[in-house]
Structure formats: C-alpha cells, structure tokens
Amino acid sequence: MLRINDVIQYEDHRYRVLDFSAPHLIWINLDSEKAFPEVIRIAEIEELVHEEKLKLMSDPYAYLFNEQVIEGSKAQVIRDERMSLIAPLLPRSGLYFRMERGKLVQERCDETGCPKKTLYKLLRQYWQRGCVPNALLPDYRNSGGKGQRKESTKKLGRPRSISPGTGFAVDAAVERMFRIVIDRHYSNDKGVSLPYVHRRFCDMFQLTRPDVASSDYPSLAQLRYFWEREYSKPERVRLKANKITYQKDLRPLIGTATAGVSGPGSRYEIDATIADVYLLSADRQRIIGRPTLYVVVDVFSRMVAGFYIGLESPSYVTALQALNLAMTNKVELCHSYDFEIQPEDWPTVGIPDALLADRGELLGHQIESLENAFGVRIENTRPYGGDAKGIVERYFRTLQADFKPFAPGVVTATTVKKRGGKDYRLDATLTLREFSKVIVGAILRRNLNAVLDKYDRSADMPDDLVPTPIEIWRWGIRNRSGRLRNVPSDLIRIALLPRQKVTVSNLGINCFGEYYTSPELLKSGWLHRDSSLGRVKLEAAYDPADAGQVYLFPEKRSSEYWVCSLSDRSRQFRGRTMWELWASKQKQRKAVAKAKVDDEVSKRKLENMIEETIKNAVRSAPRDKTASKDEQVRGIKHNRIHERDQERQKLKPQSDHGLKQKADVTYLHDKPEDGGFPDFLDDLFGDDE
C-alpha cells in the first residue's frame, strides 16, 4: 500500500502522498504551480492500482533530504525564516482542506503581517518538495545560468590591465574557427602546443577580420577556455592520445585480475619480451645480441610457473617451450643451474584451466590440440591489449630490475654516447647460460620470498597470511579449488608440439617435403604401391629441435600417435633440426628457382629454333611434285636405302694421299690370325622393311 511522501504518477501528472484521513487519501500535484492538497477516496486509489493506472516514481526532490547547508549562510537564514512563517500551521489537520485552510492562513497573515500569497507559496513548496525543512531552501542552484551560453557584444570577463587592446567578443563565427583549428591541429597525438594552435587561429582570423587590430585578437586564454568548456576532460584525454596508448595506458580500470580467478591454476598469463641486456657467445668471442624472455605467471598467486630464455624470436614454437616447462617438474632444470630445490618449492606442475596470451602467439589451429586434448580454455587479448595481461607485463620490469644495476651490457636510453663514453653493447659480458642462471635465481627468490604489498586479498583470506607467491599458492590449494590437473609429461610435450598437415603416400609421410616411416605405417598398408589407396591427409606433431622424428596421429581428434623416423630417401636430415631442414629447403628452392629461369630461356630458344627450322623446311619443299601420292608412298623403302648409303659414305673415313706407304711386313714364322673385330654393319643396320 502507499505510504506518506510516496511519489506516484497518474496519467500525465505526478502526485505526492501527504496524509491518510480514512476513508480518504490526501495528495498534491507536483507539476502544477497552483496546486493545493486534493482529497481522494482510498477505495478509488485501490481500484486505480488494480487497473495499473498508478505507477510508483522516484522522488525528484530526494536530493534535498541530505542537502548540507553551511551554518550561518544566506541559504540557511532564508530557510529558517520561511520555516518560522509556516511552522505553526503545519500541525493543524484542517490545513489540507480548502475551507479551513483559508481561515488558518488568514489568521497567520494577521499575526505576522506576511502577505497571504507568500504563505500559500511557501506551503505549496513545502508540500511538493518532500515536507522537510530543506524544501524551503532558495533555488540558488538555478542562479547564474549554469551551463547556459551568455551572449554579449562586448568581451566577457575582466578587462585587460597589462596587455594592450580591449579584446574581442567570442561570437559564433569565432567559436567555429576555434573548433576548426583545434580539430585540425590539437585533437591528435602529435604533441602540438596550444599556443601553436592559437597562432594558426590568428592567421585564419586575420583573413576574415582584417579591420581588427592584432592587439584585439581573441586571446590564448579565450581559446583555452573554449577547449576546456566544449571538450570534457575524458574527451580531452582521449583526443590527445592515440587509440592504442589510450586503451593500454589511459582508459579507466575498474577491476582486478585476481577477482576473476578462483584459485591456483585457474588462469595462466604468458608473454614475451626482449631482455634489456646484450650477451656474448659461449666462447666469449662474439656479441650475440639480446635474448628472448618468455614468462608464464599464475594470476591467483603471482607465482612464475614457467619461462623460456633463448635466441629464438617470440613465436608459437618458443611459447610452447615455456608452457611445457610451466606444466612439468622444474627440479632437474634448477639443478642444472646449481639451485637445489624440492618439488614443493616450485609446485606448479599440471595443466591450468585457462591460458591468456597475445593473439599472435596462441591463435589458430596450432593450439587446438591443447584445447581438445586437455580442455584448456585459450583466451586471447584484443589487438594492442597488453594491459589485459597486466600481471605478467609488470613482472618483466620487476624481473629485469634484479639484474640491471649489476649486469654489464644493459640497454640504456640511447647508443649515442657523449664524449669519452662507450657503447653499452661493447660492455657485454654474460653468456646465455650465465644470464639464464641469473633469471632462474631471480624467479626462485620472487616465488619464495618476495612480499606482495599491493596484493588484493579476497574476503576469506586470513590477516596473518604472508603475501608471498608460495604462501598464497599453498593457501589457495588448501582452501580454494586447486585447478591444476596432473597429466603425464610425455603427453603434455606431444600436445604442446606444433602441428603440421601431412600426406601419406607409398613413399611415406610427407612432412615439409621429406618422408618418414614407422612400423605401424607399414602394417597399415598405406605404403603399398596401389593407386586405389590414393593420398591420405592426416596431422602430425613435430619437434623443431629434431628433424629426425615426427609424431603422426592416425585418427582425427585422437591422442594416439605413431613415432615416425626419416626414411632413407630423406637421410640427409638425420641428426639435424627442423630449422636446419627449413633453411636447407629454402636454399634448394632458391637454387631450383634460379635454374628454372635459365631453363625457361633455353627452352624458349629451342622452341624458336624448331619453329624457324620448320618454316625453312616448308619454304624449301617443292610446290609441284611429279610423282603421285601412291608412288611417293611406295618409294619410301627405296628412298630410305638410298639416303642410308649416302649417310654411310659420309661416315666413311677419307683416304689421305699424303700419308707414307705402309711397309711390307716379313714374318719369321707363319702369319698370325687377324685379331680385329668382325664387321657386323650389314647385320646391324640392315633394312627392316
């Protein structure tokens, strides 16, 4: 049922409930400047409610209930004076009824000398605005025309006291020019100053108002006032920054990453950066540049789950190496860098629920195997949305801050040095292994001992919980749902390897142009030289560090795989990496492409020669033949014999008359048999026709 002071809408008017006087209800119209309390039967109100003609509304004067009035202010004095005039009338129940209200108001007028019209106005204001003392406050908020434009033929504001001239009033034409120069020169991320924009305005103003002295041009302050008045503060910030910077660094952030996860392993963030240090080769003879650093961080505990340090560029392949380490045991890795830890010191072993990464690294069909096999939810950031991975992005600065003050070869602001300075790249001292040891040590210290002062705790976390990554992880495992799932390391490795579409033929598995075989493949019958089998298209996983093997999946959407090795046809790549295979194939393709260019040239020359020869033959052929067609056909055999004899005569060696006569040979015994080869020319080249 309705209550006193409720605001309800009936038809096109709003009413405030003032009182109940059974069987009637008393209300007043809020939208009328001449309204007085009206009496309506409660039964009629109930009928309107059932007919859904009444609607409860929010109080338009609710702000007056909590209005803070400054003690001793003019508004308080006026409010109290007004209240004192009508206060004696308010307790009188007959004030709501027209006949008695007139008498009561007249009596009060006689007592105070206040005009009757004023008392009626104050009572109406008191009733319409909520029946509280603040309802009688003066409407100073409506004074001054706040937000309204002020039109004047003279310059507004204080007159000039130092600068020459009297100034110029900003009219619609000047405002239009203000907006043009601001939109053209200032509303961008080029870093142009407002005085520069004002000078461009003066050039434009001079063309339109040549009769105005330069000392009276609209001032820089007027341009700045227009900029701040017409463009809101959020809009000014957005216009002065490019879209990427605004989305990444300036837009408001109202949530935290921790609030969106339930416990350890709920979400991992992965990202890469180029470390700010130059390294040396293992023999310390060459500068090899800056290494790539991948980091995988658990959002809930801020614990580093895995990493990659190497010279490969950020890519899907290198990202999977970091993920593989994040999901497997790290004890042996730490031991290789002389750090002795227990499995419970780095407990991030298993597959998380979700993985957040950049769009380029884990986007596409390559990561589908991890999704399908283990149900990992892959989340990709929006383009240029590095702020979506704020935890891992911030960790890069924290991690590099551990070695930057000490390591030589650290990147500084510029490579251009002042007199007497050195190029920081020439200061490189650490090798890749030494740098990796530094990073592993920094990760272990942060995981086990770093205090996270600004960690946003949830309500159920105890006050005595030490905010270090390892303690938060352990608390989450005990009290929250531990989301990591244990899977054999070999299955994780295969699932994380990159995939490639392959074809199966009688030569084997064709992957990157080379062929692989396996015992299972032989038993399957796919290698038989039977054209009816056709080519089978499947998928295989490969390790970029080993070109000798691929892992064939004989069935789609199945985790079963066959280990296939290079066949003898592709033996040249045994013991080599996929990177070497790709480089070799690239060189081969370039060599073949170059040879094909030469082949095209020679083939074109051959075709031209053939065409020219045929044309000459056609021109040389006799036009009138004396023999008939039948005679020409019957004479083929004879003509062939004739031409053959002529060819043999050309092959016969010519006698050289200039040679000396052979001397006669006198044999001491009987003449030996002739050891020459028999002559089979007639048998070999006899006519077959």
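Up top you'll find the structure we're talking about.
Calculation rules
- Residues numbered from 1 in each chain as written.
- Predicted model: local features only at pLDDT ≥ 70, side-chain atom pairs only at ≥ 80, totals over all residues.
- Heavy atoms only, no water.
- Helix = DSSP H or I, 4+ residues; strand = E, 2+ residues; numbered from the N terminus.
- Buried < 20%, exposed > 50% of the residue type's maximum accessible area, 1.4 Å probe, protein only.
- Contact = heavy atoms within 4.5 Å.
- Areas by Shrake-Rupley, 256 points an atom, 1.4 Å probe, with all protein chains shown as cover.
- Pairing = 2+ DSSP bridges.
- Axes fitted to C-alpha atoms, helices over the stretch in contact; angles between N-to-C directions.
- Expected span 1.5 Å × (residues − 1).
- Phe/Tyr/Trp six-rings, centres within 6.5 Å; stacked < 30°, edge-to-face > 60°.
- Lys NZ or Arg CZ within 6 Å of the ring centre and 35° of its normal.
- Salt bridge = Lys/Arg side-chain N within 4 Å of Asp/Glu carboxyl O.
- Parallel < 35°, antiparallel > 145°, perpendicular 65-115°, else oblique.
- Patch = residues over 30% accessible without salt bridge, like charges linked within 9 Å, V, L, I, M, F, W, Y side chains within 5 Å.

(A) A look at the overall build of the protein. In terms of regular secondary structure, the protein is built from 21 helices and 18 strands. Out of the 689 residues in the protein, the part that is buried amounts to 37%. Taking all contacts inside the protein whose residues are at least 6 apart in sequence as the whole, residues at least 24 apart take part in 59%. For the protein, the computed accessible surface area is about 44,000 Å², with 51% contributed by carbon and sulfur atoms.

(B) Region of interest: the pairing of strand E15 (residues 514–517). Note that strand E14 (residues 508–511) and E15 share 3 bridges and pair antiparallel. When the bridges of E15 are listed, Ile509 appears paired with Tyr516. As paired elements, E15 and strand E18 (residues 562–566) share 2 bridges and run antiparallel to each other. Pairing of Tyr516 across the sheet is with Leu566, part of E18.

(C) Just the sheet that holds E15, in detail. Spatially, E13-E14-E15-E18-E17-E16 is the arrangement adopted by the 6 strands of the closed barrel, whose pairing is antiparallel. Averaged over all neighbouring strand pairs, the angle between strand axes comes to 40 degrees, with direction disregarded. Sheet analysis places strand E17 (residues 546–553) next to E18, joined by 4 bridges and oriented antiparallel. Of the residues in E18, the one forming a bridge with Leu552 is Trp562. Those strands touched by helix H16 (residues 489–496) are strand E13 (499–505), strand E16 (536–543) and E17, and its axis lies near 95 degrees from that of E17.

(D) Summary view of helix H3 (residues 98–112). End to end, H3 covers 21 Å across 15 residues, agreeing with the expected 21 Å (1.5 Å per residue, within 8%). The inward-facing, buried residues of H3 abut helix H2 (74–86) and helix H4 (116–128). With its phi angle positive at about 75 degrees, Gly113 sits one or two positions after the end of H3.

(E) The sheet that holds strand E11 (residues 354–357), seen in detail. Pairing within the open sheet is mixed, and its 5 strands lie in the order E10-E9-E6-E11-E12. The open sheet terminates on both sides in strands that have one partner only, identified here as strand E10 (304–310) and strand E12 (377–380). In this sheet, neighbouring strand axes are inclined to one another by 20 degrees on average, regardless of whether the strands run parallel or antiparallel. Pairing of strand E6 (residues 267–274) with E11, which is carried by 3 bridges, proceeds in the parallel orientation. Along E11, the bridge assignment pairs Glu269 with Leu356. Docked against the sheet, helix H14 (residues 432–449) engages strand E9 (292–298) and E10, running at close to 165 degrees with respect to E10.

(F) Spatial organisation of the packing of aromatic side chains. Across all of its chains, the model carries 18 aromatic pairs by this definition. When the centroid spacing of 5.9 Å and the interplanar angle of 85 degrees are considered together, the rings of Tyr542 and Trp582 count as edge-to-face. Separated by 40 residues along the polypeptide, Tyr542 in strand E16 and Trp582 in helix H18 (residues 578–620) bring together distant segments of the chain. According to the relative accessible area criterion, Tyr542 is buried, its value standing at 7%. One Lys or Arg, Lys240, reaches over the ring of Tyr186 and ends 3.7 Å from the middle of that ring.

(G) Fine view of the pattern of salt bridges. Evaluated as defined, the whole model comprises 26 salt bridges. With its nearest N and O atoms 2.8 Å apart, the salt bridge here joins Arg129 to Asp139. One end of the pair, Arg129, is in the loop between H4 and helix H5 (172–186); the other, Asp139, is in the loop between H4 and H5, and 10 residues separate them in sequence. A salt bridge links Glu612 to Arg619, with the nearest nitrogen and oxygen atoms 3.9 Å apart.

(H) Looking closely at the packing of H2 against H4. Across the interface, H2 lies against H4 with an axial gap of 10 Å and an inter-helix angle of 105 degrees. Relative to H4, the element H2 lies roughly perpendicular. Only Leu119, Leu122, Leu123, Gln125 and Tyr126 of H4 make contact with H2, whose side of the interface consists of Arg82, Met83, Leu85 and Ile86.

(I) Just a nonpolar patch on the surface, in detail. Taken together, the side chains of Leu606, Met609, Ile610, Ile614 and Val618 define a hydrophobic patch exposed on the protein surface, amounting to about 460 Å² of accessible area. You can call Ile610 partly exposed: its relative accessible area is 39%.

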